[in-house]
Amino acid sequence: SRMKAEIARILQEEGFVWAYEVVTGEGHATIKVKLKYQGRSPVITDLKRVSSPGRRHYVGSTEIPRVRQGLGIAILSTPKGVMTGKQARKQKVGGELLALVW
């Protein structure tokens with residue numbers, strides 16, 4: 001889906017993954033992500049999904065969580081598109097809190 005591709009784009013921009021590609025298969029698209037490593041450990045140590053179809057989690061621009069003292073990122077879907085918590089705070093927009101990554 002487009003949302004997954006947007007999340008992958010942010011992970012690449014923020015330096016968590018090397019690259020990603022959208023692979024279209026039988027009626028559905030999958031996203032292949034090439035993880036970035038520091039030595040033997042992946043740069044992403046955890047990815048926590050926050051919002052789910054059954055329980056949407058919305059935050060205002062002042063409630064966006066800071067992740068691991070700024071070492072991690074929050075990913076939001078806002079009226080201005082999918083972006084990091086830092087970008088959303090700067091643009092003073094809130095939205096659906098999709099995931100926390102560190």
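Calculation rules
Residues numbered from 1 in each chain as written. Predicted model: local features only at pLDDT ≥ 70, side-chain atom pairs only at ≥ 80, totals over all residues. Heavy atoms only, no water. Phe/Tyr/Trp six-rings, centres within 6.5 Å; stacked < 30°, edge-to-face > 60°. Lys NZ or Arg CZ within 6 Å of the ring centre and 35° of its normal. Helix = DSSP H or I, 4+ residues; strand = E, 2+ residues; numbered from the N terminus. Salt bridge = Lys/Arg side-chain N within 4 Å of Asp/Glu carboxyl O. Core = buried A, V, L, I, M, F, W, Y, C linked by side-chain atoms within 4.5 Å. Buried < 20%, exposed > 50% of the residue type's maximum accessible area, 1.4 Å probe, protein only. Contact = heavy atoms within 4.5 Å. 1 Å grid on protein atoms, 1.4 Å probe; cavity = no way out; pocket = protein on both sides within 12 Å on 5 of 7 lines; lining within 4 Å. Points joined across faces, edges and corners; volume = space filled by probe spheres on them. Expected span 1.5 Å × (residues − 1).

### Description of the packing of aromatic side chains
1) Next: Inspection of the entire model under this criterion finds zero aromatic pairs.
2) Next: A cation over an aromatic ring shows up here: Lys-36 above the ring of Trp-18, its NZ or CZ 4.4 Å from the ring centre.

### Describing the environment of Lys-34
1) Next: Turning to its location among the elements, Lys-34 is positioned in strand E2 (residues 29-35).
2) Next: The sequence separation of Lys-34 and Ala-19 amounts to 15 residues, and the corresponding C-alpha distance is 5.2 Å.

### So, the pattern of salt bridges
1) Next: By the definition in use, this model includes three salt bridges.
2) Next: Taken together, the shared-partner salt bridges connect Glu-6, Arg-9 and Glu-13 into one network.

### Focus: the nonpolar core
1) Next: If you look at the biggest cluster of nonpolar residues, it comprises eleven residues: Val-59, Ile-64, Val-67, Ala-74, Leu-76, Met-83, Ala-88, Val-93, Leu-97, Leu-100 and Trp-102.
2) Next: Elements represented by at least two residues in this core include exactly strand E7 (73-78) and strand E9 (95-101).
3) Next: For Ala-88, the contacting residues outside a window of four places in its chain are Ser-61, Ile-64, Thr-78, Met-83 and Val-93.
4) Next: Formed by ten residues, the second largest nonpolar core is a distinct cluster that contains Leu-11, Phe-16, Ile-75 and Leu-98.

### Quick word on the layout of surface pockets
1) Next: Of the volumes computed, that of the largest pocket is approximately 330 Å³.
2) Next: Along its surface, the largest pocket is lined by 13 residues, and Met-3, Lys-4, Ile-7, Arg-49 and Leu-98 are the ones closest to its centre.
3) Next: Contributing elements (two or more residues each) for the lining of the largest pocket: helix H1 (2-13), strand E5 (47-49) and E9.
4) Next: Take the lining of the largest pocket: its biggest share by element is four residues, from H1.

### Side note on H1
1) Next: The end-to-end C-alpha separation of H1 is 16 Å, in line with the 16 Å expected for twelve residues at 1.5 Å each.
2) Next: Every buried residue of H1 is accounted for by Ala-5, Ala-8, Ile-10 and Leu-11.
3) Next: Lining the buried residues of H1 we find strand E1 (17-24), E2, E5, E7, strand E8 (81-84) and E9.
4) Next: One or two steps after H1, the chain reaches Gly-15, where phi turns positive at roughly 85°.

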